[in-house]
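# Tertiary structure, described
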Amino acid sequence: MRQRLRSTIKWTGTAATVGLLVVWVGSAFGGAGFDCSPTLNGGVRSGCLYLGWETPWRAWPQSWHGEVYRNMRVGMFWEWWFAVWQVALPGGITYAGVAIPVWSIAITMGTPIAWLWIRDRRRAPGLCLNCGYDLRGTDHAACPECGDQKAPR
């Protein structure tokens, strides 16, 4: 992978992970969502991203709107785990939904990004690029510690 692409992935992934963590913490104080009644709704609240829908689907929603609100009791109803639900409503309509904790998305995204940051850490000049052995003062073409043929920086 080219260094420029790798750097772009690292910085973009870091920004996205930090953004998700800000959304997660902020959702304790309030939330935001959308409602395309009666077909679909979703948003973020109480630490979770949620999506709900009614079946049978309607060809076009009757109303569209978004909302932003403030929690009156911070952290009272913090959701820590995944949730799936289904409710039978009158008239043969079923309401179903799923909630995904934001922290799980942040960890899933942040783990490979952290691995990239750790893997790309720079070695000091004169050290083996593979194992970090001090090659200053040696005349070897290969590292005497690990046998790597890469030249030191």
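Residues numbered from 1 in each chain as written. Predicted model: local features only at pLDDT ≥ 70, side-chain atom pairs only at ≥ 80, totals over all residues. Heavy atoms only, no water.

## A closer look at the sheet that holds strand 4 (residues 63-70)
The strand order across the open sheet formed by 6 strands is 4-1-2-3-6-5, and the pairing between neighbours is antiparallel. The open sheet terminates on both sides in strands that have one partner only, identified here as strand 4 and strand 5 (83-89). Strand-to-strand twist of the sheet, defined as the mean angle between neighbouring strand axes without regard to direction, takes the value 10°. (Pairing = 2+ DSSP bridges. Helix = DSSP H or I, 4+ residues; strand = E, 2+ residues; numbered from the N terminus. Axes fitted to C-alpha atoms, helices over the stretch in contact; angles between N-to-C directions.)

## Section: the packing of helix 1 (residues 3-26) against helix 2 (residues 102-119)
The packing of two helices is summarised by the inter-axis angle and the distance between the axes. Where helix 1 meets helix 2, the axes come as close as 9 Å, and the angle between the chain directions of the two elements is 150°. Regarding the angle of helix 1 to helix 2, the classification is roughly antiparallel. Handedness of the crossing formed by helix 1 with helix 2: left-handed. Facing helix 1, whose interface residues are Arg6, Ile9, Lys10, Trp11, Gly13, Thr14, Ala16, Thr17, Leu20, Leu21 and Trp24, helix 2 presents Val102, Trp103, Ile105, Ala106, Met109, Gly110, Ile113, Trp115, Leu116, Trp117 and Arg119. Residues belonging to the contact of helix 1 with helix 2 are distributed by class as follows: 15 nonpolar, 4 polar and 3 charged. (Parallel < 35°, antiparallel > 145°, perpendicular 65-115°, else oblique. Left-handed = near helix turned anticlockwise from the far one by under 90°. Contact = heavy atoms within 4.5 Å. Nonpolar A, V, L, I, M, F, W, Y, C, P; charged D, E, K, R; others polar.)

## Quick word on unusual backbone geometry
With omega at 0°, the peptide bond leading from threonine 55 into proline 56 counts as cis. Within the secondary structure, proline 56 sits in the loop between strand 3 (48-55) and strand 4. Here serine 46, not a glycine, exhibits a phi torsion of approximately 50°, which is positive. Inspection of the secondary structure puts serine 46 in the loop between strand 2 (40-45) and strand 3.

## A few points about the pairing of strand 1 (residues 30-37)
Walk down a regular strand and you will see the side chains alternate between the two sheet faces. Pairing of strand 1 with strand 4, which is carried by 8 bridges, proceeds in the antiparallel orientation. Opposite aspartate 35, over in strand 4, you have histidine 65 as the bridge partner. Summarising the sheet, strand 1 and strand 2 pair through 5 bridges and their orientation is antiparallel. Looking at strand 2, one finds that aspartate 35 is bridged to asparagine 41.

## A short note on a nonpolar patch on the surface
Together, Leu49, Trp80, Trp81, Phe82 and Ile100 line one region of the surface with nonpolar side chains, adding up to about 540 Å² of accessible area. Of note, phenylalanine 82 is situated in the loop between strand 4 and strand 5. (Patch = residues over 30% accessible without salt bridge, like charges linked within 9 Å, V, L, I, M, F, W, Y side chains within 5 Å. Areas by Shrake-Rupley, 256 points an atom, 1.4 Å probe, with all protein chains shown as cover. Salt bridge = Lys/Arg side-chain N within 4 Å of Asp/Glu carboxyl O.)

## Thoughts on the pattern of salt bridges
For the coordinates displayed, the defined rule picks out 3 salt bridges. The partner of aspartate 120 in a salt bridge is arginine 6, and the shortest N-O contact between them spans 2.7 Å. Of this pair, aspartate 120 sits in the segment after helix 2 while arginine 6 sits in helix 1, and the two are 114 residues apart along the sequence. Judged by its relative accessible area of 21%, aspartate 120 is partly exposed. Between aspartate 134 and arginine 136 there is a salt bridge, and its shortest N-O distance comes to 2.9 Å. (Buried < 20%, exposed > 50% of the residue type's maximum accessible area, 1.4 Å probe, protein only.)

## Remarks on the environment of glycine 147
Note on placement: glycine 147 falls in the segment after helix 2. Take glycine 147: its relative accessible area is 40%, and that puts it in the partly exposed class.

## What to know about the confidence of the model for the protein
The pLDDT averaged across the protein works out to 84; a share of 91% of its residues lies at or above 70. Per-element averaging of pLDDT across the protein places strand 4 at the bottom with 81 and helix 2 at the top with 93. (pLDDT = per-residue confidence, 0-100.)

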